[in-house]
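# Descriptive structure summary
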Amino acid sequence: MNTTIEYARQQDQNDPLARFREKFHIPTRPDGSEVIYLCGNSLGLQPKSTEQYVQQELDDWKKFGVEGHFEARRPWLPYHEFLNKGMAEIVGGLPEEVIVMNTLTVNLHLLMVSFYRPTKDRHKILIEANAFPSDRYAVRSQLSFHGYDPPEGLIEAGSENSDEPFPTEKFLDLLKKQGSEISMILLGGVNYYTGQAFKLREICEAAHEQGVVVGYDLAHAAGNIPLRLHDWGVDFAAWCNYKYINSGPGAPAGAFIHERHLGRKDLPRFHGWWGNDKAVRFKMSDRMQPFQTAEAWQLSNPPILAMAAVLASLDIFQEAGIANLREKSVKLTGYLEFMLSQIKTDQLRVITPKNPDERGCQLSLQLTHPSSRIMKALRERGVVCDWREPDVIRIAPVPLYNTFEDVYKFVHNLTEILLV
Ligand SMILES: *Cc1c(COP(=O)(O)O)cnc(C)c1O
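Residues numbered from 1 in each chain as written. Predicted model: local features only at pLDDT ≥ 70, side-chain atom pairs only at ≥ 80, totals over all residues. Heavy atoms only, no water.

## A few points about the sheet that holds strand β6 (residues 213-217)
Spatially, β2-β8-β7-β6-β5-β3-β4 is the arrangement adopted by the seven strands of the open sheet, whose pairing is mixed. Of all strands in the sheet, those bounded by a partner on one side alone are β2 (98-101) and β4 (154-157). Between one strand axis and the next, the sheet turns by 20° as a mean value, whatever way the strands run. As defined by bridge partners, strand β5 (residues 182-188) adjoins β6 across five bridges and the pair is classed as parallel. Each bridged residue has a counterpart across the sheet, and for Gly-188 the counterpart in β6 is Asp-217. Where helix α4 (residues 81-91) meets the sheet, its contacts fall on β2 and β7 (236-239), and the angle it forms with β2 comes to roughly 115°. (Pairing = 2+ DSSP bridges. Helix = DSSP H or I, 4+ residues; strand = E, 2+ residues; numbered from the N terminus. Axes fitted to C-alpha atoms, helices over the stretch in contact; angles between N-to-C directions. Contact = heavy atoms within 4.5 Å.)

## Some thoughts on the side chain of Lys-243
Note on placement: Lys-243 falls in the loop between β7 and β8 (253-257). Asp-217 provides the closest opposite charge to the buried, salt-bridge-free Lys-243, at an N-O distance of 6.6 Å. In contact with Lys-243, not counting residues within four places along its chain, are Gly-40, Asn-41, Ser-42, Leu-43, Gly-44, Ala-219 and His-220. (Buried < 20%, exposed > 50% of the residue type's maximum accessible area, 1.4 Å probe, protein only. Lys, Arg positive; Asp, Glu negative; His and termini not counted. Salt bridge = Lys/Arg side-chain N within 4 Å of Asp/Glu carboxyl O.)

## Focus on the packing of aromatic side chains
What characterises a pair of aromatic rings is the spacing of the ring centres plus the angle enclosed by the ring planes. Enumeration according to the criterion identifies twelve aromatic pairs in this entry. A centroid spacing of 5.2 Å and a plane angle of 15° characterise the contact between Phe-115 and Phe-236, whose relative ring orientation is stacked. Note that Phe-115 is positioned in helix α5 (residues 104-115) and Phe-236 in strand β7, a separation of 121 residues in sequence. With respect to burial, Phe-115 and Phe-236 carry one shared label: buried. In this structure an aromatic cluster arises from ring pairing among Tyr-7, Tyr-335 and Phe-404. The aromatic ring of Trp-297 is capped on one face by Arg-269, whose charged end is 4.7 Å from the ring centroid. The ring of Trp-274 carries the charged tip of Arg-281 above its face, separated from the ring centre by 3.9 Å. (Phe/Tyr/Trp six-rings, centres within 6.5 Å; stacked < 30°, edge-to-face > 60°. Lys NZ or Arg CZ within 6 Å of the ring centre and 35° of its normal.)

## Considerations on the environment of Lys-124
With respect to the helices and strands, Lys-124 occurs in strand β3 (residues 124-128). By relative accessible area, which is 14% here, Lys-124 ends up buried. For the pair Lys-124 and Tyr-408, spaced 284 residues apart in sequence, the C-alpha to C-alpha distance is 46 Å. For Lys-124, the residues in contact, after removing those within four places along its chain, are Glu-152, Gly-153, Ile-155, Gln-178, Glu-181, Ile-182, Ser-183 and Met-184. A polar contact of 2.8 Å, which involves the side chain of Lys-124, links it to the side chain of Glu-181. (Polar contact = N/O pair within 3.5 Å; in protein donor to acceptor, adjacent residues only side chain to side chain.)

## Notes on the pairing of β7
The alternating pattern of β7 places Phe-236 and Ala-238 on one face and Ala-237 and Trp-239 on the opposite face, and all of these are buried. Sheet topology places β6 next to β7; three bridges connect them, and they run parallel. Following the sheet pairing, Asp-217 is matched in β7 by Ala-238. Bridge count for β7 against β8 is four bridges, and the pairing is antiparallel. Opposite Phe-236, over in β8, you have Ile-257 as the bridge partner.

## Some details on the domain arrangement of the chain
Partitioning the chain into structural domains gives domain 1 (5-34 + 321-418) and domain 2 (54-318). On a C-alpha basis, the centroid separation for the pair domain 1 and domain 2 is 29 Å. The partner domain 2 presents 20 residues to the 29 residues of domain 1 that form the contact. Between domain 1 and domain 2, the buried area comes to about 2,000 Å², and carbon and sulfur atoms account for 56% of it. Taken as a group, Ile-322, Ile-351 and Glu-358 account for 25% of the area that domain 1 buries against domain 2, more than any other trio of residues on that side. Here domain 1 is connected to domain 2 by zero salt bridges. Elements that contribute at least two residues to the side of domain 1 that touches domain 2 include exactly α13 (322-341), β10 (363-367) and β13 (392-395). Top contributing element to the side of domain 1 that touches domain 2 by residue count: α13, with three residues. (Domains from an automatic or database assignment. Buried area = accessible area lost by both parts, 1.4 Å probe.)

Okay, here's the thing in structure tokens:
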């Protein structure tokens, strides 16, 4: 590796996925030039095909009215089924274990209705210390809902210092020591702040040994790192589709329920008519006959226009291939790490683990002298990235549409800003 722009351009020329950038709308600056978009961890870019997928549903609605449920080119009644294969591949689940519905926090709650089953002796919930706020609010409210006092029922485990890597060993140790009191763990697959990818298989095994239910929030993991939810035996998971999965702001989210829980009659679940087996749904019977798949967790008929945007994106993932994306991602982020290491400054430290197996595409840069000047200057130079309080810039080069040259330009700009 070297620090020249020629090297970056050479890498782009040799990149077998380079053509995928053409499939996305890259936002532009007022002068028409493309921004350096490194914010796919927050909102993924719009595929050019999305418009066509959504337009097709608008056209079929125009043409068929209510008959579109059956007559649309992609009939609305089973529309979610068109998403299952692609979604299942992204998270390593079986198609029947995966469903696209609602939004992330809603899905977490619906899944906790089924999987957070506290008893007198075992009611605690274990989460990571710097979990995303929505997840913390959700688990606290679940504790309260079941009559427990959140500070007492919630174990927040991690390093003392939220910007240090998450100590898996310590976490496993805690599961061993306190496992018998813990009902469920809810862990982010990749931490939104540090960018650390947790050892999801090991943690799942250790939790199961203690009889602890395992739930993962894959908001920053799905579409970013390889996942094998089925093989790992994860009980349930949920994720949003607007970050790495490029399905648009507020897109319908994903949920996973392991095969061994499908069709269980002893699991409580909130019901709505869309969870009723489609063979009997329109009999409008008083009695519910839920699907024997993850579809049983559906409540309502889904927003087809928004589902179309998810499908557009999944088709691109299928074409690119998860393994190919990961291969490029490791190189691209490795290059970002190398370039950052060449900046002669002590104002900046990468807090994301160095081991590629312990991270996705994001690197989190901690500033010793955080200042709004730096973010403002980056913005003025056309860099789109985000800032997380108190002192971290998150940079996410995404293998589908980012280039090595993007990374080069970002580091070049950052260097100029820091060294003035
Ligand atoms: C982005 C994100 C959310 C957002 O939740 P929504 O319900 O989609 O608004 C929640 N949890 C985590 C870990 C996230 O990264």
